[in-house]
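# Structural overview for review
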Amino acid sequence: MDSVNNVLDTQSSLSSSLSSQIIPTNNPLTLSELQLLNRSSALTSSVPASSVYISDLEWSSVINGWGPVEKDKSNGEQGAGDGRTLTLNGVTANKGLGVHSNSQVTYTLGGKYTTFAADIGIDDEVGDAGSVEFQVWADNSKLYDSGVVTGSSATKAVNVNVAGKQSLRLVVTDGGDDASFDHANWANAKLFSSAVTPIPVPTPAPTPPPTGNTSSVYLSDLAWSASTNGWGPVEKDKSNGEQSAGDGRTLTLNGVTANKGLGVHSNSQVTYTLDGKYTTFSADIGLDDEVGNAGSVIFQVWADNSKLYDSGIVTGSSATKAVNVNVAGKQSLRLVVTDAGDGATLDHGNWANARLSSGTVIPTPTPTPTPAPTPPPTGNTSSVYLSDLAWSASTNGWGPVEKDKSNGEQSAGDGRTLTLNGVTANKGLGVHSNSQVTYTLDGKYTTFSADIGLDDEVGNAGSVIFQVWADNSKLYDSGIVTGSSATKAVNVNVAGKQSLRLVVTDAGDGATLDHGNWANARLSSGTVIPTPTPIPTPTPIPIPIPPVGNAIAVNVNWNTVVDTTTDLQFGLNAFQGFETANANNAAYGRNMSYMSPGLLRYHHAGAMEDSKTTSEGLVDTSRRVWDTQKIVTALTASVNAFGNDQPERMINIPSWPSWMTDGEGYLARDQYDNFAKFSADLVKIVNKDYNFDVKYWEVLNERDDSYFTKFRNNGGWGSLINPNNPDRLGDLITIYNKTAEAMKQVDPTIEIGGPAIARSDLEPFYVPFIQGTAKNLDFFTYHYYANGSASTPDSEVFKSPEDLGDYTQKIVQTLKDASPDRYIPAILDEYNISWTWETRDPRMTNNKGVVFDAMTIVEAIQNGADGTAAWNEKDGIYGKTSNEDVLRPGAHLFHLLNTYFVGDEVASTSSNDGAVTTFAVKNKATGNKELLIINFSDKAQAIQANFTGWQPTQTSVNEHEISSKGYQQEKTDWNTVKNGTFVVPEYSVTLLDFAG
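Here is a short report on the structure shown in this document.

Rules and cut-offs
Residues numbered from 1 in each chain as written. Predicted model: local features only at pLDDT ≥ 70, side-chain atom pairs only at ≥ 80, totals over all residues. Heavy atoms only, no water. Helix = DSSP H or I, 4+ residues; strand = E, 2+ residues; numbered from the N terminus. Buried < 20%, exposed > 50% of the residue type's maximum accessible area, 1.4 Å probe, protein only. Contact = heavy atoms within 4.5 Å. Areas by Shrake-Rupley, 256 points an atom, 1.4 Å probe, with all protein chains shown as cover. Pairing = 2+ DSSP bridges. Axes fitted to C-alpha atoms, helices over the stretch in contact; angles between N-to-C directions. Salt bridge = Lys/Arg side-chain N within 4 Å of Asp/Glu carboxyl O. Phe/Tyr/Trp six-rings, centres within 6.5 Å; stacked < 30°, edge-to-face > 60°. Core = buried A, V, L, I, M, F, W, Y, C linked by side-chain atoms within 4.5 Å. Expected span 1.5 Å × (residues − 1). Polar contact = N/O pair within 3.5 Å; in protein donor to acceptor, adjacent residues only side chain to side chain. Parallel < 35°, antiparallel > 145°, perpendicular 65-115°, else oblique. Left-handed = near helix turned anticlockwise from the far one by under 90°. Nonpolar A, V, L, I, M, F, W, Y, C, P; charged D, E, K, R; others polar. Lys, Arg positive; Asp, Glu negative; His and termini not counted.

Another aspect to go through is the overall build of the protein chain. Counting its secondary structure elements, the protein chain contains 14 helices and 60 strands. Counting all 996 residues of the protein chain, 55% fall into the buried class. If you take every contact in the protein chain between residues at least 6 apart in sequence, the share linking residues at least 24 apart comes to 75%. Accessible surface, the protein chain as shown: approximately 39000 Å² in total, 49% of it carbon and sulfur.

Next up, the structure:
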């Protein structure tokens, strides 16, 4: 939404200056019309002399998924004209088409038009629901495809060339899931005729050299000291080309060309010698227009081994970003472009207008400034700051809502100066999720505006969603905002509204450090023309480097192989793997493929529930059979998502269906054989009927909690509902053996194991279970969770994997004793910090959770576990991805482990194992040497690496780091690693990848 508002802000001034030259109308420029102007390939544009809205034309044919296609209204019900005002992210349109997937609307063009333009998205009336794809076809050729658009997506602008075309077909599909709430808008949809008059377009020009008492030089006029590029050479004054120097094209970012700059391809590094001669480096960055919306990279600026700037992920659809950093006194400059962790396809990065300046620099705003604190409105307006008004109601997640200060503690007025990305604000509201502040408007105002983000006092921490509601309608949704996000500008129409409600949620991952600012929040009446201003790039605070004498020695002997690792040891639980919504969710599949778990365990405690009433259920209760279609659909989607890199799959049968229970939750004794047959039927469906060849099958899940009395009265887990019930361990052994034998009869090639015990410390339970099932036990599974309280200190959380190591050793020895002639693997197939979701422990989804996961995996492997599977792949509390399919830090850990750490583990030690632990592997796939450094302390630590048996031959080392700043990739110098000046941040996991 903010990107739409920014364009509309710009539109206001543009429409004023061009009104006498463009279309003779009082209507403002639409987003798509503005894009038509700004994306001109030359410095002039053919501005339409005549145009027609397609809602004023007759279509030649039409299909719609619900009711008729609506003209100048959103999709309604079954009658024509029963829709509402077309609205996209709070912006209304008087003209356009309202359709419902699956829809096609065809027009006859007869070669009379040159351009089709529209603003597209799902109408606000469905909230965040719905998912569609918009397509534009002409003469049976597809000219445009939006990709999947949801109710929470930003508005997109379509602008395509239809010169000479005979027909136009506008298509909206259901996005591959279903058509629920798919109310799609072709807002401001227009055709422009070929009768045009070229006039100059005021497209923002490339950023000029700085003004002030300065001199400057473009980097492309200097010789670099070193360069690497992911495809062909680094190009000077051209975009990235092919294998030859000078074969690129004109540098172009969002329609704005640059004569000077560098064209690169991830992964790229370009280094220059500065010798302290310059004060400022500046550039305009983004992916070149030649790749369209494709590609994804991260731009970084380094000077003297300190990172000065990080763009975050930039895609082909991102706005241009302006870089302006202080390099005074610096000796070297290094420009880095990484592939953002998803491969280097079409990663054509531009450092446009890149230059070094010396002297006193007054930066000139660039064509796409990031919104900053918005000044009081200009124009025929009056305005009032919200902090000068009395709210009608307020709730806040910590202490009171603060006026003109950031969120403080429990007293009013104890906050600090409101600060967003280094820019302070004297007026505004400081809140803490979950927060709501409500004001009475009484129809007196036309516009609400504010600058939003998390206050600088929390650093990169925190994650929230800002929402603006008026009269119970949502006008704005920021999406997830973190402490590292750019400031966003809100500007919404509240004309005629009676109430305003400002909401800040915790984004589903807990409220820790969620200090949200509504900076410069105000209400205006009259005609408002907001003036955006650029945000200065904050100066990064470098991690303090401890003296070399305090460096922790990391010793690795590359000749001493201690074990062999497999990708089964870096697995995940597919908690939502059988849910139909995820089977039809391309983002879910992409994320699973990215994490690339070697072992994928399908488990949900609700799997035995009815599939018609619960999303997790797999059983057709009315027919007392498995829901074959649901199971097959999910497994098919999983196979397709992983392509040629398939994981080993494990299907867990957690318990029994409702009709087999004895009324107290136990399996009725007369149902043991029926349950065994029911489980065998699932093997038949999956492996025999549909040939999925699932290898691992797990019987039961955490039934020690009810079949073993000591589970609860030993260790503080609480008492049984009926503590007088005798232990029923013998029954559980019988259930397992009968079930395993029945399943093996269907498919003798499978491996069957269990029982997924909740308490891996409870030897009196698992020892007799293993002894009683050894003949049918192909693998043994157990779980480990550190605690049940979000207030448990970090130090205790990170000490707990040592306990897991002890438990694993005892389990492995018990398996050897029970089966001396047949090896039975031990698999830790659930682990995380908290054994209950109710804690909502935020550590499980941030860098501290990554540290815990890495320590747990290493402890399990080094104490004999043959496999591990983290809990879990996706949810709001534990997931390595969020319910919105956003990668969390843990997702990157599993990507790294499965990519780099399958091979031979070698001996490695840390001189301070109370702060740092290590894991070293010779990569089986590449032959590279991989070193994992886990800093579980609350301080940055200097590392000094000492290698035996092999030494790096290259000074440049690939570094991957997961810390409170997120996931970062860069190059580091081997000399810093071996001389003790290499620093790993507090609570971080760092991978060093050594070639050869």
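Among the eight residues of strand β57 (residues 956-963), six are classified as buried, and the element is accordingly described as predominantly covered. When β57 meets strand β58 (residues 966-973), the two strands line up antiparallel, connected through eight bridges. The partner of Val-957 across the bridge, within β58, is Thr-972. Between β57 and β58, which follow one another and run antiparallel, lie two residues.

A separate point is the sheet that holds strand β10 (residues 131-138). Ordered in space as β3-β8-β13-β10-β11, the five strands form an open sheet in which the pairing is antiparallel. In the strand order of this sheet, the two ends are held by β3 (61-63) and β11 (141-150), each with one partner. Neighbouring strand axes in the sheet, compared pairwise and without regard to direction, differ in orientation by 10 degrees on average. Two strands pair when backbone bridges link them, and strand β8 (residues 103-108) and strand β13 (residues 167-173) are joined in this way by six bridges, in the antiparallel orientation. Residue pairing for β13: Thr-108 is matched across the bridge by Ser-167.

Right, let's talk about the pattern of salt bridges for a bit. Per the counting criterion, the structure on display carries 34 salt bridges. The residue Lys-474 makes a salt bridge to Asp-128 at a minimum N-O spacing of 3.2 Å. In this pair, Lys-474 sits in strand β38 (residues 473-482) while Asp-128 sits in the loop between β9 (113-122) and β10, placing the two residues 346 residues apart along the sequence. With a shortest N-O distance of 3.5 Å, Asp-731 and Arg-728 are connected by a salt bridge. Arg-728 matches Asp-731 in its accessibility class, with the two residues each being buried.

A separate point is the packing of aromatic side chains. Scanning the model with the defined rule gives 28 aromatic pairs in all. With centroids separated by 5.1 Å and ring planes inclined at 85 degrees, the aromatic side chains of Phe-134 and Trp-186 adopt a geometry described as edge-to-face. Within this pair, whereas Phe-134 is found in strand β10, its partner Trp-186 is found in strand β14 (residues 183-193), the two being separated by 52 residues in sequence. The exposure class assigned to Phe-134 is buried, which follows from its relative accessible area of 0%. Pairing Tyr-696 with Phe-779 gives two aromatic rings, centres 5.5 Å apart and planes at 75 degrees, and the pair type is edge-to-face.

Across the sheet, nine strands lie side by side as β58-β57-β60-β55-β54-β53-β42-β56-β59; this open sheet has mixed pairing. Looking at which strands have only one partner, the edges of the open sheet turn out to be β58 and β59 (982-984). Across the sheet, the mean angle from the axis of one strand to that of its neighbour is 30 degrees, orientation sign disregarded.

This next bit is on unusual backbone geometry. In this structure, the amide linkage connecting Ser-101 to the following residue, Asn-102, adopts the cis form with an omega of -10 degrees. That bond from Ser-266 to Asn-267 is cis: its omega, -5 degrees, falls within 30 degrees of zero. Structurally, Asn-267 is set in the loop between β21 (261-265) and β22 (268-273). One non-glycine residue with positive phi stands out, namely Asn-421, at about 50 degrees. Its place among the elements puts Asn-421 in the loop between β32 (418-420) and β33 (423-425). What makes Asn-421 buried here is its relative accessible area of 18%. The backbone of Asp-693 shows a phi angle near 55 degrees, a positive value even though the residue is not glycine.

As a rule of thumb, soluble globular proteins bury nonpolar side chains together. Formed by 109 residues in total, the largest nonpolar core has its most connected members in Trp-626, Val-686, Trp-697, Met-743, Phe-780, Tyr-782 and Phe-901. If near-sequence neighbours (up to four positions away) are discounted, Met-743 is found in contact with Ile-653, Ser-679, Ala-680, Val-683, Trp-697, Val-699, Ile-750 and Ile-752. Grouped together as the second largest cluster of nonpolar side chains are 30 residues, Tyr-439, Ala-450, Ala-470 and Val-504 included.

So, on to helix α12 (residues 847-862). If you check α12, its first and last C-alpha atoms are 23 Å apart, about what 16 residues at 1.5 Å a residue would give, namely 22 Å. Among the 16 residues that make up α12, 13 are buried, leaving the element largely enclosed by the rest of the structure. For α12, the side-chain oxygen to backbone nitrogen distance between the N-cap and Lys-848 is 2.8 Å, and the N-cap itself is Asn-846. Gly-864 sits one or two positions beyond α12 and adopts a positive phi of about 110 degrees.

Here we take up the side chain of Ser-937. Residue position: Ser-937 is located in the loop between β55 (929-935) and β56 (941-948). Ser-937 gets classed as buried once you look at its relative accessible area, which sits at 11%. For Ser-937, the side chain forms a polar contact with the side chain of Asn-935, separated by 2.7 Å. For Ser-937, the contacting residues outside a window of four places in its chain are Ala-915, Glu-986 and Tyr-987.

Moving on, we get to the packing of helix α10 (residues 763-773) against helix α11 (residues 794-818). Put simply, α10 and α11 touch, their axes get as near as 9 Å, and they point 30 degrees apart. Between α10 and α11, the angle is such that the two are roughly parallel. Relative to α11, α10 is oriented so that their crossing is right-handed. Together, Glu-763, Tyr-766, Val-767, Ile-770 and Gln-771 of α10 and Tyr-807, Lys-810, Ile-811, Thr-814, Leu-815 and Ala-818 of α11 make up the contact between the two elements.

All right, on to α11 then. With 25 residues, α11 ought to run about 36 Å at 1.5 Å a step, and its terminal C-alpha atoms sit 37 Å apart, in line with that. Looking only at α11, the buried set comprises Asp-794, Val-797, Phe-798, Ser-800, Pro-801, Leu-804, Gly-805, Thr-808, Ile-811, Val-812, Thr-814 and Leu-815.

Another point: the packing of helix α6 (residues 672-689) against helix α9 (residues 729-746). Where α6 meets α9, the closest approach of the two axes is 8 Å, and the angle between their N-to-C directions is 35 degrees. The handedness of the crossing between α6 and α9 is right-handed. On α9, the residues that touch Tyr-672, Asp-673, Phe-675, Ala-676, Ser-679, Ala-680, Val-683, Lys-684 and Lys-688 of α6 are Asp-731, Thr-734, Ile-735, Lys-738, Thr-739, Ala-742, Met-743 and Val-746. Grouping the amino acids of the contact of α6 with α9 by side-chain chemistry returns nine nonpolar, three polar and five charged.

Along the chain, Val-977 falls in helix α14 (residues 974-978). Note on Val-977: relative accessible area 0%, which makes it buried. Through-space distance from the C-alpha of Val-977 to that of Thr-955 is 10.0 Å; in sequence the pair is 22 residues apart. Other than its neighbours up to four places away in sequence, Val-977 contacts Ile-943, Gln-944, Ala-945, Thr-972, Phe-982 and Leu-992.

Bridging between strand β42 (residues 552-564) and β56 involves six bridges; their strand directions are parallel. Each residue of the ladder has a partner; that of Asn-555, found in β56, is Asn-946. Relative to β59, β56 runs antiparallel, the two being bridged by three bridges. Note that in β59 the partner of Ile-943 across the bridge is Phe-982.

A few words on the side chain of Arg-522. On the secondary structure map, Arg-522 appears in strand β41 (residues 515-526). Although Arg-522 is buried, it forms no salt bridge, and the closest oppositely charged side chain is Asp-451 at an N-O distance of 5.6 Å. A distance of 2.6 Å separates a polar atom in the side chain of Arg-522 from the backbone oxygen of Asn-520.

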